[in-house]
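Inside the fold
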Amino acid sequence: MAAAGDEKHTKRLAMSQQTLDDAYAAPANFLEIDVVNPETHGIANKRYTDYEVRMRTNLPIFTLKESSVRRRYSDFEWLRTELERDSKILVPALPGKALKRLLPFRSDDGIFEDDFIEERRASLEVFVNKVSGHPLAQNEKCLHMFLQDAVVDKNYVPGKVKN
């Protein structure tokens, strides 16, 4: 049983009532990333699929508050490799390479099947959201370039973003 003098140390903080304006206002900090609109380009063995990566944020670390870029699976691999090398975070895995789907003489389109493309798109979206949600990753130049630059300069100088 608590002593009478302890009551002043265990009082609850006074809470203010939330208004409708507060409830429906933009969140204090947000980072939304969608991987959408997969498109397959090329013919025969020169085919590839890329995805639109859309970003919206109000985080001050990002110079652009909205961006839309197109990225191939190999760009996601590059981002993962760069983050593993340069940051102090455990980087989640990417969806697999689907090597069996690349085998010749298949009765389907392999990695260009709609179901496979949609599955990969969803997995890439989960990956990029996990990575970009990490505060340490948000300071990496490679993430900013991946999300905001039209072309990924793979010869960039790694480092931190200064805001």
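Keep in mind that what you see is a predicted model, and the values were worked out from it rather than measured.

**As for the pattern of salt bridges**
- With the rule as written, the count across this model stands at 9 salt bridges.
- The partner of R70 in a salt bridge is D50, and the shortest N-O contact between them spans 2.9 Å. Residue R70 is located in strand β3 (residues 66-72), and its partner D50 is located in strand β2 (residues 48-57); the two are separated by 20 residues in the primary sequence.
- Given the relative accessible area of 28%, R70 is considered partly exposed.
- For D50, a relative accessible area of 9% puts it in the buried group.
- When the shortest N-O distance is used, the salt bridge between R80 and E84 registers 2.7 Å. With R80 and E84 both in helix α2 (residues 73-86) and 4 residues apart, this pair spans about one turn of that helix.
- Classification of E84 as partly exposed rests on a relative accessible area of 43%.
- One salt-bridge network, held together by shared partners, links E118, R121 and E125.

**Things to note about the environment of D75**
- In this fold, D75 is placed in helix α2.
- Residues D75 and F146 lie 71 residues apart in sequence; the distance between their C-alpha atoms is 7.8 Å.
- Dropping the residues within four chain positions of it, D75 is found in contact with F146 and K154.

**Quick look at the packing of α2 against helix α4 (residues 141-148)**
- One can describe the packing of α2 onto α4 by two numbers: an axis separation of 9 Å at closest approach and a directional angle of 165 degrees. Put simply, α2 runs roughly antiparallel to α4. With respect to the hand of their crossing, α2 and α4 are arranged in left-handed fashion. Counting all contacts with α2, which are made through D75, F76, W78, L79, E82 and L83, the residues of α4 involved are C142, L143, M145 and F146.
- Across the contact of α2 with α4, the residue classes break down as 8 nonpolar, no polar and 2 charged.

**So, the packing of aromatic side chains**
- By the definition in use, this model includes 2 aromatic pairs.
- When the centroid spacing of 4.9 Å and the interplanar angle of 70 degrees are considered together, the rings of F76 and F146 count as edge-to-face. Taken together, the residues span a long stretch of sequence, with F76 in helix α2 and F146 in helix α4 at a distance of 70 residues. Each member of the pair, F76 as well as F146, is classed as buried.
- The aromatic ring of F146 is capped on one face by R71, whose charged end is 5.5 Å from the ring centroid.
- Positioned over the ring face of Y48 is R72, at 3.9 Å from the centre of the ring.

**Things to note about the side chain of H144**
- Here H144 is to be found in helix α4.
- A distance of 2.6 Å separates a polar side-chain atom of H144 from the backbone oxygen of Q138.
- When near neighbours in sequence (up to four residues on either side) are disregarded, H144 contacts I61, F62, Q138, D149 and V161.

Procedures and definitions
- Residues numbered from 1 in each chain as written.
- Predicted model: local features only at pLDDT ≥ 70, side-chain atom pairs only at ≥ 80, totals over all residues.
- Heavy atoms only, no water.
- Salt bridge = Lys/Arg side-chain N within 4 Å of Asp/Glu carboxyl O.
- Helix = DSSP H or I, 4+ residues; strand = E, 2+ residues; numbered from the N terminus.
- Buried < 20%, exposed > 50% of the residue type's maximum accessible area, 1.4 Å probe, protein only.
- Contact = heavy atoms within 4.5 Å.
- Axes fitted to C-alpha atoms, helices over the stretch in contact; angles between N-to-C directions.
- Parallel < 35°, antiparallel > 145°, perpendicular 65-115°, else oblique.
- Left-handed = near helix turned anticlockwise from the far one by under 90°.
- Nonpolar A, V, L, I, M, F, W, Y, C, P; charged D, E, K, R; others polar.
- Phe/Tyr/Trp six-rings, centres within 6.5 Å; stacked < 30°, edge-to-face > 60°.
- Lys NZ or Arg CZ within 6 Å of the ring centre and 35° of its normal.
- Polar contact = N/O pair within 3.5 Å; in protein donor to acceptor, adjacent residues only side chain to side chain.

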